[in-house]
Amino acid sequence: MTTDTEEEKDGQKKGRTSPYIPNLAEFYFRPNFDWTRKQAERRFAKTKSPSPEFELDTVRFEDCIEGMRRFPAESIDLVIADPPFGIDFDGKSGVYNRDERLVIEGYEETDESYHEFTSKWLVELPRIMKPEASAYVFSGWTNLDAVLEGARDAGLVTLNHLIWHYPFGVYTRKRFVTSHYHIVLLVKDSRKYFFNKIENYPEDVWSVKRRYRTGLSKNATKLPLEVVSRCIDFSSRPGDIVLDPFMGNGTTAVAALLNFRHFIGFEINKRLRPLLDKELANLVTGESYIPYSERLPTIKDLAKLYPKAYREYIRREKET
Ligand SMILES: C[S@@+](CC[C@H](N)C(=O)[O-])C[C@H]1O[C@@H](n2cnc3c(N)ncnc32)[C@H](O)[C@@H]1O
């Protein structure tokens, strides 16, 4: 966030003539959609599985491409996909600074070309997505072209290209340290997609630390809950069904249930079953759910940050 003084200078530089009050909009901002805990809980309870074969809130241990082909049409509200890298990565190399005894064997890399694999699973999405649905696809920069091409060929529209910046990377000698991930936000229908603007100024760079759970066994890669929860918050409603074709450690499952969303997941590595069961065993559904308006900074917080805008806000409030 910029301060009043920084914004003021910026405004002057641009030679504004209208009385633009920096940060005033923050005081009036409300999310597009909001639900109380009770409403969210009720929506969650009402959701039915789209097919008896795909029980809600379960992981199917099979190839996601095969599984998605059997999915009913237009049954998914949101897709969160963090596919295997398709590069020579087994999650065990010392450079990743992890205790390799704790990394579960069987992280599946793909044999076919990464482009082929990516196109094959992406092409399954539009049929099973509802018209309002979105898909967040995680990708390292080395495979980004496969995702962008695959998405375009599948007929999905790229809405945003997000960067997840994590202040940690693999040590390098003669090149920059990679400390970001790409998240491509795709929609099925650019006129109908659902987007809940829960922040006044939601930027496309998300800075979130990777968290290593030292001493706990884990799949080779794991996304932070915060990153996955942001995708869920902006692009789904409570009670919606979130599909994760590459479940891994189950971050999407956890984020979904904690926020009153359902999930359906695929994971090809059966050895992950005990880990996934454990992740979900003690989870309290809806535990992290907070109505969006309650997550915003209070007027008191904003007043401290932007005193000038606050004075104008009070003046306008008195006028009305
Ligand atoms: C990058 S990891 C996902 C990590 C996950 N997002 C998390 O936070 O724990 C990719 C996962 O996809 C699985 N996988 C690879 N190919 C698959 C396929 N065809 N169908 C289902 N799962 C697959 C791998 O075994 C691996 O666990």
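Definitions and limits used
For every chain, the first residue of its written sequence is number 1, and the numbers climb from 1 along that sequence. Confidence filtering applies because this is a predicted model: local features only for residues at pLDDT of at least 70, side-chain atom pairs given and counted only at 80 or more, and all residues used for totals across whole chains, interfaces and linings. By definition, any uninterrupted DSSP run of H or I lasting at least four residues is a helix, any uninterrupted run of E lasting at least two residues is a strand, and each is numbered from the N terminus. Every C-beta atom is placed from the backbone, and the number of other C-beta atoms within 10 Å of a residue's own sets its class: buried at 20 or more, exposed at 12 or fewer, partly exposed in between. Here, residues touch in the contact sense if the C-beta positions derived from the backbone fall within 7 Å of one another. Contact assignment follows one rule, namely that a residue is near a molecule or strand if its backbone-placed C-beta atom lies within 6 Å of it. As a working rule, the residues Ala, Val, Leu, Ile, Met, Phe, Trp, Tyr, Cys and Pro are called nonpolar, Asp, Glu, Lys and Arg charged, and the rest polar, with Gly in that last group. Core membership is restricted to buried Ala, Val, Leu, Ile, Met, Phe, Trp, Tyr and Cys residues, and these are joined into a nonpolar core through C-beta atoms within 7 Å. Known as pLDDT, the predictor's per-residue confidence is scaled from 0 to 100. The rule for pairing is simple: two strands pair if DSSP sees at least two bridges between them. A fitted line through C-alpha atoms represents every axis, and for helices the fit uses only the stretch in contact; the resulting angles, taken between N-to-C directions, go from 0 to 180 degrees.

A look at the overall build of the chain
The number of helices and strands found in the chain is 13 helices and eight strands. A burial count over the chain gives 32% of its 320 residues as buried. A fraction of 77% describes how many contacts in the chain between residues 6 or more apart in sequence connect residues 24 or more apart.

Thoughts on the site of the ligand
As a structural note, the neighbourhood of the ligand is formed by 20 residues, with Asp 82, Phe 246, Gly 248, Asn 249 and Thr 251 the closest of them. Of the residues in the shell around the ligand, the class split is nine nonpolar, six polar and five charged.

Overview of the nonpolar core
Judged by nonpolar contacts, the single largest core of 55 residues is most densely connected at Val 79 and Ala 135. The residues touching Ala 135, leaving out its near neighbours within four places in the chain, are Val 79, Ala 81, Leu 125, Met 129, Leu 156 and Leu 186.

Considering the confidence of the model for the chain
Low-pLDDT stretches of the model should not have their predicted coordinates read in fine detail. Chain-level statistics for the chain give a pLDDT mean of 87 and a share of 83% at 70 or above. Counting contacts from residues 1–13, a segment whose pLDDT is below 50, to residues more than four positions away or on other chains yields 14 contacts. Every residue in residues 87–107 is under pLDDT 50, and counting partners more than four places away or in other chains gives 32 contacts.

Focus: the sheet that holds strand S8 (residues 262–266)
Ordered in space as S1-S8-S7-S2-S3-S5-S4-S6, the eight strands form an open sheet in which the pairing is mixed. With one partner strand each, in any of the chains shown, strand S1 (58–60) and strand S6 (205–207) form the two edges of the open sheet. Looking at each pair of strands side by side, their axes are set apart by 20° on average, direction ignored. Note: strand S3 (residues 129–139) against strand S5 (residues 180–187), six bridges, orientation antiparallel. By the bridge assignment for S5, Phe 138 is matched with Ile 183. Sheet strands in contact with helix H7 (residues 144–154) are S3, strand S4 (157–165) and S5, and its direction is about 0° off that of S5. The strands touched by helix H9 (residues 251–258) within the sheet are S1, strand S2 (76–81), strand S7 (241–244) and S8, with S8 carrying the most contacts at an inclination of about 170°.

Focus: the pairing of S8
Burial of S8 is extensive: five of the five residues sit out of reach of the surface. Going residue by residue along S8, you find His 262, Ile 264 and Phe 266 tucked away on one face and Phe 263 and Gly 265 tucked away on the opposite face as well. Pairing analysis gives three bridges linking S1 to S8, with the strands arranged parallel. Within the sheet, the bridge partner assigned to Thr 58 lies in S8 and is Ile 264. Pairing of S7 with S8 involves four bridges; the strand directions are parallel. Bridge pairing in S8 places Leu 243 opposite Ile 264.

Things to note about the environment of Ser 75
By the element assignment, Ser 75 lies in the loop between helix H4 (64–69) and S2. Along the backbone, Ser 75 and Lys 130 are 55 residues apart, and their C-alpha atoms lie at a distance of 5.8 Å. Not counting chain neighbours up to four residues away, the residues in contact with Ser 75 comprise Pro 50, Ile 128 and Ile 241.

A word on the pairing of S2
When a strand is regular, its side chains alternate between the sheet's two faces. Most of S2 is tucked away, with six of its six residues classed as buried. As defined by bridge partners, S2 adjoins S3 across five bridges and the pair is classed as parallel. Opposite Ile 80, over in S3, you have Tyr 136 as the bridge partner.

Looking at the environment of Thr 178
Mapped onto the secondary structure, Thr 178 falls in the loop between S4 and S5. With sequence-adjacent residues up to four places away left out, Thr 178 is seen in contact with Trp 141, Gly 169 and Val 170.

Some thoughts on unusual backbone geometry
Positive phi, close to 45°, is recorded for Glu 74, a residue that is not glycine. Note that Glu 74 resides in the loop between H4 and S2. On the neighbour-count criterion, Glu 74 (16 C-beta atoms within 10 Å) is partly exposed. Unlike most non-glycine residues, Phe 260 shows phi in positive territory, near 60°. By secondary structure assignment, the location of Phe 260 is in the loop between H9 and S8. Phe 260 sits in the buried class, given 27 other C-beta atoms within 10 Å.

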